[in-house]
Amino acid sequence: MTNTKKTGNVSQQIVNALKELMKEESFINISVTEVVRKANVARASFYRNFNSTSDVLDALVENLVNRALEIGRPVLNDFSEETWSTFLHEYVNNLFSSKDDYLMMKPENSMLILNRFTSRLKSISGMLNSSSLDEKYNLPARMGAVNGVLMAWYESGEKENPQQIIDYLMSIFFPVK
């Protein structure tokens with residue numbers, strides 16, 4: 001195995017390799033050997049950074065969560081129309097610009113990432129300890145709808161523009177009375 005590139009972060013190379021492999025095969029079938037080969041890093045480098053492919057997946061999800069939190073922290077506790085409109089514009093356009101990274105994955109891998117992503121957001125927002133149904137389930141329900149619609153949009157060939165998707169989601173969350 002060749003040494004890692006002198007420029008670049010080894011752990012990020014490994015995460016990127018897993019992301020690429022997840023476009024080709026189910027996560028459960030991806031081995032450390034495949035990841036190190038794709039990342040062009042030594043096996044020892046892998047184990048200096050991660051204990052398993054599951055740890056790499058956690059790092060990939062953590063990157064997604066951090067990106068989502070950069071733009072979406074207000075929606076963790078504010079379900080107002082204005083906050084969600086702002087969030088959806090940024091989230092949809094951000095995802096649209098990086099769609100090849102995640103939407104091209106095998107569907108079971110996308111669902112695995114979505115489940116871990118939603119669990120991580122729930123733990124950050126404190127929803128797991130909430131007693132109110134609305135506080136417990138509002139954010140996961142909305143994020144599930146957002147990601148489900150975005151996946152269906154992508155799979156149907158993106159016939160609508162991002163603004164039409166945002167308008168559709170807003171009509172689900174804030175129906176006209």
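Quick notes on the rules
Residues numbered from 1 in each chain as written. Predicted model: local features only at pLDDT ≥ 70, side-chain atom pairs only at ≥ 80, totals over all residues. Heavy atoms only, no water. Phe/Tyr/Trp six-rings, centres within 6.5 Å; stacked < 30°, edge-to-face > 60°. Buried < 20%, exposed > 50% of the residue type's maximum accessible area, 1.4 Å probe, protein only. Helix = DSSP H or I, 4+ residues; strand = E, 2+ residues; numbered from the N terminus. Polar contact = N/O pair within 3.5 Å; in protein donor to acceptor, adjacent residues only side chain to side chain. Axes fitted to C-alpha atoms, helices over the stretch in contact; angles between N-to-C directions. Parallel < 35°, antiparallel > 145°, perpendicular 65-115°, else oblique. Contact = heavy atoms within 4.5 Å. Salt bridge = Lys/Arg side-chain N within 4 Å of Asp/Glu carboxyl O. 1 Å grid on protein atoms, 1.4 Å probe; cavity = no way out; pocket = protein on both sides within 12 Å on 5 of 7 lines; lining within 4 Å. Points joined across faces, edges and corners; volume = space filled by probe spheres on them. Nonpolar A, V, L, I, M, F, W, Y, C, P; charged D, E, K, R; others polar. Expected span 1.5 Å × (residues − 1). pLDDT = per-residue confidence, 0-100.

## Some thoughts on the packing of aromatic side chains
Logical step 1: Following the criterion strictly, the structure yields five aromatic pairs and no others.
Logical step 2: Where F46 meets F50, the ring centres are 5.9 Å apart and the plane angle is 45°; that geometry is what we call tilted. Each member of the pair, F46 together with F50, is buried.
Logical step 3: Ring centres of F87 and Y91 lie 5.0 Å apart, and the angle between their planes is 25°; this geometry places the pair in the stacked category. Of this pair, F87 and Y91 are both found in helix 5 (residues 81-97), four residues apart, which corresponds to roughly one turn of the helix.

## Comments concerning the side chain of N109
Logical step 1: Tracing the backbone shows N109 in helix 7 (residues 107-125).
Logical step 2: For N109, the side chain forms a polar contact with the main-chain oxygen of M22, separated by 2.8 Å.
Logical step 3: In terms of polar contacts, N109 uses its side chain to reach the backbone amide nitrogen of F27, at 2.7 Å.

## What to know about the side chain of Q13
Logical step 1: Position of Q13 among the secondary structure elements: in helix 1 (residues 10-21).
Logical step 2: A polar contact of 3.1 Å, which involves the side chain of Q13, links it to the backbone oxygen of A39.

## Quick word on the packing of helix 1 against helix 4 (residues 53-72)
Logical step 1: Relative to each other, helix 1 and helix 4 sit at 95°, their axes nearing to 9 Å. Classified by the angle their axes make, helix 1 and helix 4 are roughly perpendicular. Residues Q12, I14, V15, L18 and K19 of helix 1 lie in contact with helix 4, whose contacting residues are T53, V56, L57, A59, L60 and N63.

## Regarding the pattern of salt bridges
Logical step 1: Counted according to the given criterion, the structure contains three salt bridges.
Logical step 2: Residue E20 is joined to K23 by a salt bridge in which the shortest nitrogen-to-oxygen separation is 3.1 Å.
Logical step 3: With relative accessibility at 31%, the residue E20 sits in the partly exposed group.
Logical step 4: Between R116 and D58 there is a salt bridge; the shortest N-O distance is 2.4 Å. In this pair, R116 is assigned in helix 7 and D58 in helix 4, connecting sequence segments 58 residues apart.

## As for empty space enclosed by the protein
Logical step 1: With the rule as written, the count across this model stands at three cavities of 30 Å³ or more.
Logical step 2: What the second largest cavity holds in volume is close to 50 Å³.
Logical step 3: Every residue lining the second largest cavity is listed: A68, L69, G72, V75, L76, F87, Y91, F117, L121 and M143.
Logical step 4: When residues of the lining of the second largest cavity are traced back to their parent elements, those giving at least two are helix 4, helix 5 and helix 7.
Logical step 5: A total of three residues in the lining of the second largest cavity trace back to one element, the largest contributor, which is helix 4.
Logical step 6: Here the residues of the lining of the second largest cavity are counted per class, giving nine nonpolar, one polar and no charged.

## Things to note about helix 4
Logical step 1: Under the 1.5 Å per step criterion, the end-to-end length of helix 4 is 28 Å for 20 residues, consistent within 8% with the ideal 28 Å.
Logical step 2: When we look at burial in helix 4, the residues that qualify are T53, V56, L57, L60, V61, L64, V65, A68, L69, I71 and G72.
Logical step 3: N-capping of helix 4 is provided by S52, with a side-chain oxygen placed 3.3 Å from the backbone N of S54.

## Focus on the confidence of the model for the protein
Logical step 1: Mean pLDDT over the protein: 83, with 87% of residues reaching 70 or higher.
Logical step 2: Within the protein, no element has a lower average pLDDT than helix 6 (residues 99-102), which sits at 65, and none a higher one than helix 2 (residues 32-39), at 98.
Logical step 3: Scored below 50 in pLDDT, residues 1-7 shows 17 contacts in the model against residues more than four places distant or in partner chains.

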